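Coordinate analysis (summary)
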Amino acid sequence: MEQKILIFNFLITFFLILFSSASFSEKIIEGKVKIIDGDTIHIEKNKIRLHGIDAPEIDQTCTIKDKVWNCGIESSLELKKLILDNNISCVVSDIDKYNRYIAECFINNKNINKLMVRNGWAIAYRYYSLDFVEDEKLAEKDKIGLWQGQFQEPYLFRKSKKN
């Protein structure tokens, strides 16, 4: 019986060390933000792409009842309003092919990525993540942000500009 208790304690200790060291390896970037567009920010020299979301490009337009509007600019302005002049904290999960950090960012414990999708200013980027699909469905149902009218999905807009 003592041997089982020792093995159990060893396993518990091993897993605690394993998981605590994994959390220390997470990179966290904090500070004041420069908004690049609706899904890209800079904190000092760190370029950060918001994980799991895709926002319109700055030069992208959308339509509401046949009226063209600058939804790319509006999306980046909405991100700016959300952050204001506050410090944010970003938890990095990866680095993309453009050498940007991929991260979920938070302001006052609120997930900025999630809020951009829930408020309709970005869509869930299903190619990389399904994290914000439900938020997108709610924004579409509520007809807010981009969902007020028609828009081309941002990745399709980028692809069309390459041709």
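Just so it is clear, the structure is predicted and the values come from calculations on it, not from any experiment.

Tallying each qualifying case throughout the model produces two disulfides. In this model, C62 is linked to C71 through a disulfide, with the two sulfur atoms separated by 2.0 Å. Linking C62 and C71, the disulfide has an S-S dihedral of approximately 65° and is accordingly described as right-handed. Taking the relative accessible area as the measure of exposure, C62 reaches 3% and is therefore buried. Taken N- to C-terminal, the disulfide-bonded cysteines of the chain are connected 1-2, 3-4.

We now examine the environment of I35. Inspection of the secondary structure assignment puts I35 in strand β2 (residues 34-37). It is 8.5 Å that separates the C-alpha atoms of I35 and L77, two residues lying 42 residues apart in sequence. The residues contacting I35, other than those within four sequence positions of it, are T40, I41, S76, L79, K80 and I83.

Residues I58, I73 and L77 make up a contiguous nonpolar surface patch of roughly 220 Å² in combined accessible area. With respect to the helices and strands, the residue I73 is situated in helix α2 (residues 71-83).

What follows deals with the layout of surface pockets. A probe as big as a water molecule, rolled over the atoms, marks out the empty space that is left. Here the largest pocket defines a volume of roughly 810 Å³. Lining the largest pocket are 29 residues, and of these R49, R100, Y125, Y128 and R158 lie nearest its centre. Elements supplying a minimum of two residues to the lining of the largest pocket: β2, β3 (40-43), β4 (46-50), β8 (88-95), β11 (123-124) and α5 (154-162). Among the elements that line the lining of the largest pocket, the one with the most residues is α5, at four residues. Of the residues contributing to the lining of the largest pocket, the split by class is 10 nonpolar, five polar and 14 charged.

Take V117: it is sitting in helix α3 (residues 112-118). Taking C-alpha positions, V117 is 6.0 Å from D135, a pair spaced 18 residues apart along the chain. Among residues more than four places away in sequence, those in contact with V117 are I53, A122, I123, A124, F132, D135, E136 and A139.

Reading the values: rules and limits
- Residues numbered from 1 in each chain as written.
- Predicted model: local features only at pLDDT ≥ 70, side-chain atom pairs only at ≥ 80, totals over all residues.
- Heavy atoms only, no water.
- Disulfide = S-S within 2.5 Å.
- Buried < 20%, exposed > 50% of the residue type's maximum accessible area, 1.4 Å probe, protein only.
- Helix = DSSP H or I, 4+ residues; strand = E, 2+ residues; numbered from the N terminus.
- Contact = heavy atoms within 4.5 Å.
- Patch = residues over 30% accessible without salt bridge, like charges linked within 9 Å, V, L, I, M, F, W, Y side chains within 5 Å.
- Areas by Shrake-Rupley, 256 points an atom, 1.4 Å probe, with all protein chains shown as cover.
- Salt bridge = Lys/Arg side-chain N within 4 Å of Asp/Glu carboxyl O.
- 1 Å grid on protein atoms, 1.4 Å probe; cavity = no way out; pocket = protein on both sides within 12 Å on 5 of 7 lines; lining within 4 Å.
- Points joined across faces, edges and corners; volume = space filled by probe spheres on them.
- Nonpolar A, V, L, I, M, F, W, Y, C, P; charged D, E, K, R; others polar.

Honestly, that's just the spatial picture; any functional story needs more than this.
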